[in-house]
Amino acid sequence: MSTPTESLPDPAGPAGFAEPGPAGSSLPAPGLAADRPRHLALRPGTWLTWAVLAFFLLNLAGVIATVLLNSFGSRWFDSWLPGGWTSHWYTDAWKEFSLGHVLGVTLEVTLLVVAISLALGVPAAYALARRDFPGKKALNLLFILPILVPPIAYGIPLATMLYKVHLAGTLTGVILANLVPSIPFVVFTMTPFIEQIDPRIEAAARVCGARTHTVLGRILGPLLLPGMLAAGILVLVRTFGMFELTFLTSGPSSQTLVVTLFSAVNSAGIRSTQSIDAMAVVYTGSMAVLLLIALRFVNPTQLVARSAD
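The following refers to the structure shown. Here the structure is a predicted model, which is why all the values come from computation and not from measurement.

### Re the overall build of the protein
Consideration 1: When helices and strands are counted, the protein shows 13 helices and zero strands.
Consideration 2: Beginning at the N terminus, the succession of helices and strands in the protein can be written as α-α-α-α-α-α-α-α-α-α-α-α-α.
Consideration 3: Scored against the burial criterion, the 309 residues of the protein give a buried share of 32%.
Consideration 4: Carbon and sulfur atoms provide 69% of the accessible area of the protein, an area that totals close to 19,800 Å².

This is the structure we're talking about:
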């Protein structure tokens, strides 16, 4: 006849704690120990990094706020804020610096540079991604140079050449100068993107009887569109803010907004600082609007990741 087995007490106890040990202390259950708040200890290097970042952002906000407030201030001498407020400085800057014409030239140069860079850079990137030929490494190095070398280093001889052929000072000369770094930028943006596309897709389409224009337009085109949009956005922002090449090759009727702003600050004559600050606000606002419109419809990071999947 078997005796019933006695049930052993639960080590955790009814309240979720272990039974008192030899020293009379109780140990918390593992599940409850994880629920206790933990204090995050930051290293001194982390605190220093955040302090430097906060100092930088504070100075940046101060500079932007100073320019913005001065563009609306009627007088500002020894106080934290302007003594009066007005918006006529924007009207004065629009008339004095012909901002309507300058903005039109800026948009024309930017959009044409983007279109031509994509038209020439995408085929070049396709050839570098799909073909092996003699001198490929040298050609890659040649494309890298305009990106790595400061624009002023090759901008002076480039402007000299454009002056000799009577293109400097014209809209065509400004566009040609800005194409020098923009086309390599498109090439190096699109080459890794094209390499991610399986070449067997093109081979299968050709086996099924698709011609070259069909492969390019209906198969490769939709696959390349996200990368082209991403490259176009990057070139647009770069060209809109390009100063060195545009300054060296532009004339009175072909200056972009950033060059006009620089000329207003450094040229001879007496100009009100409020009008110049108003033009600086127009430049910063135009750049922000272009970025917001582009990123409203296109997110380059997500599009490239989606294409890779």
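### A short note on the packing of helix 6 (residues 151–164) against helix 7 (residues 171–195)
Consideration 1: Across the interface, helix 6 lies against helix 7 with an axial gap of 11 Å and an inter-helix angle of 145°. In this structure, helix 6 meets helix 7 at a crossing whose hand is right-handed. The residues of helix 7 that touch helix 6, namely those facing Tyr154, Leu158 and Leu162, are Gly173, Leu176, Ala177, Val180 and Pro181.
Consideration 2: In terms of residue class, the contact of helix 6 with helix 7 is made up of seven nonpolar, one polar and no charged.

### Some points on the environment of Glu195
Consideration 1: Mapping Glu195 onto the fold places it in helix 7.
Consideration 2: The exposure class of Glu195 is partly exposed, given its relative accessible area of 48%.
Consideration 3: Separated by 69 residues in the primary sequence, Glu195 and Tyr126 have C-alpha atoms spaced 8.4 Å apart.
Consideration 4: In this view, Glu195 contacts Ala129 and Arg130; residues no more than four positions away in its chain are not counted.

### Comments concerning the pattern of salt bridges
Consideration 1: Scanning the model with the defined rule gives two salt bridges in all.
Consideration 2: Of the charged contacts in the structure, one is a salt bridge between Asp132 and Lys136, with a shortest N-O distance of 3.2 Å.
Consideration 3: Since its relative accessible area comes to 73%, Asp132 is described here as exposed.
Consideration 4: Residue Arg200 is joined to Asp198 by a salt bridge in which the shortest nitrogen-to-oxygen separation is 2.8 Å.

### Description of the packing of aromatic side chains
Consideration 1: Scanning the model with the defined rule gives five aromatic pairs in all.
Consideration 2: Ring geometry for Phe72 and Tyr90: centres 5.0 Å apart, planes at 40°, overall tilted. Of this pair, Phe72 sits in helix 2 (residues 44–72) while Tyr90 sits in helix 3 (residues 88–96), and the two are 18 residues apart along the sequence.
Consideration 3: Centroid distance Phe240 to Tyr283: 5.8 Å. Interplanar angle 10°. Geometry classified as stacked. With Phe240 in helix 9 (residues 212–240) and Tyr283 in helix 12 (residues 273–297), the pair connects residues that are 43 residues apart, well separated along the chain.
Consideration 4: By relative accessible area, Phe240 is classed as buried at 3%.

### As for the side chain of Thr191
Consideration 1: Tracing the backbone through its elements, the reader meets Thr191 in helix 7.
Consideration 2: Owing to a relative accessible area of 13%, Thr191 belongs among the buried residues under this scheme.
Consideration 3: Reaching out from Thr191, the side chain makes a polar contact with the backbone oxygen of Val187 at a distance of 2.6 Å.
Consideration 4: In contact with Thr191, not counting residues within four places along its chain, are Ala125, Leu128 and Ala129.

### Regarding the nonpolar core
Consideration 1: In this structure, Val186, Met190, Ile194 and Leu224 are the most contacted members of the largest nonpolar core, which totals 28 residues.
Consideration 2: Put simply, the parts of the chain that give this core at least two residues each are helix 4 (99–130), helix 7 and helix 9.
Consideration 3: With ten residues, the single largest contributor to this core is helix 4.
Consideration 4: Contacts of Val186, omitting those with residues within four sequence positions, involve Ser117, Leu118, Gly121, Val122, Ala231 and Val235.
Consideration 5: Grouped together as the second largest cluster of nonpolar side chains are 19 residues, Ala93, Val102, Ala280 and Met287 included.

### Remarks on unusual backbone geometry
Consideration 1: A positive phi angle, close to 50°, is found at Ser98, a residue other than glycine.
Consideration 2: On the secondary structure map, Ser98 appears in the loop between helix 3 and helix 4.
Consideration 3: With a relative accessible area of 38%, Ser98 lands in the partly exposed category.
Consideration 4: At His166, a residue that is not glycine, the phi angle is positive and equals roughly 65°.
Consideration 5: Its location among the elements puts His166 in the loop between helix 6 and helix 7.
Consideration 6: Overall, His166 belongs to the exposed group, its relative accessible area being 69%.

### Considering the packing of helix 8 (residues 199–207) against helix 9
Consideration 1: Here helix 8 crosses helix 9 at 145°, and the two axes come no closer than 10 Å. Remark: the crossing between helix 8 and helix 9 carries right-handed chirality. Two secondary-structure elements touch here, helix 8 through Ile201, Glu202, Ala205 and Arg206 and helix 9 through Thr212, Val215, Ile219, Leu220 and Leu223.

Calculation rules
The residue numbers shown here count from 1 along each chain, following its written sequence. Totals for whole chains, interfaces and linings use all residues, but because this is a predicted model, local features are given only for residues with pLDDT of at least 70 and pairs of side-chain atoms are given and counted only at 80 or more. Note that water and hydrogens are dropped before the side-chain values are worked out from all heavy atoms of the structure. A run of H or I in DSSP becomes a helix once it reaches four residues, and a run of E becomes a strand once it reaches two; helices and strands are each numbered from the N terminus. Burial here depends on accessible area, computed with a 1.4 Å probe over protein chains only, as a share of the maximum for the residue type. Under 20% is buried, over 50% is exposed, and the range in between is partly exposed. Note on areas: Shrake-Rupley with a 1.4 Å probe; residue coverage comes only from the protein chains shown. Helix axes are fitted to C-alpha atoms over the stretch in contact, other axes to C-alpha atoms as well, and angles between N-to-C directions run from 0 to 180 degrees. Handedness of a crossing is defined here by the sense of rotation of the near helix relative to the far one, left-handed for an anticlockwise turn of less than a right angle and right-handed for a clockwise turn. Here a residue-residue contact requires only that any non-hydrogen atoms of the pair lie within 4.5 Å. Under the grouping applied here, Gly and all other residues not named as nonpolar or charged are polar, the nonpolar ones being Ala, Val, Leu, Ile, Met, Phe, Trp, Tyr, Cys and Pro and the charged ones Asp, Glu, Lys and Arg. Within this document, salt bridges are pairs made up of a side-chain nitrogen of Lys or Arg and a carboxyl oxygen of Asp or Glu, the two lying within 4 Å of each other. Put simply, two rings from Phe, Tyr or Trp (the six-membered ring, in Trp's case) pair if the centres are within 6.5 Å, and we call them stacked under 30 degrees between planes, edge-to-face over 60, tilted for the rest. Polar contact criterion, stated in full: a pair of N or O atoms within 3.5 Å, where within protein one must be able to donate a hydrogen and the other to accept it, and residues adjacent in sequence count only if both atoms are side-chain atoms. Here the nonpolar core consists of buried residues drawn from Ala, Val, Leu, Ile, Met, Phe, Trp, Tyr and Cys, with membership extended through side-chain atoms lying within 4.5 Å.

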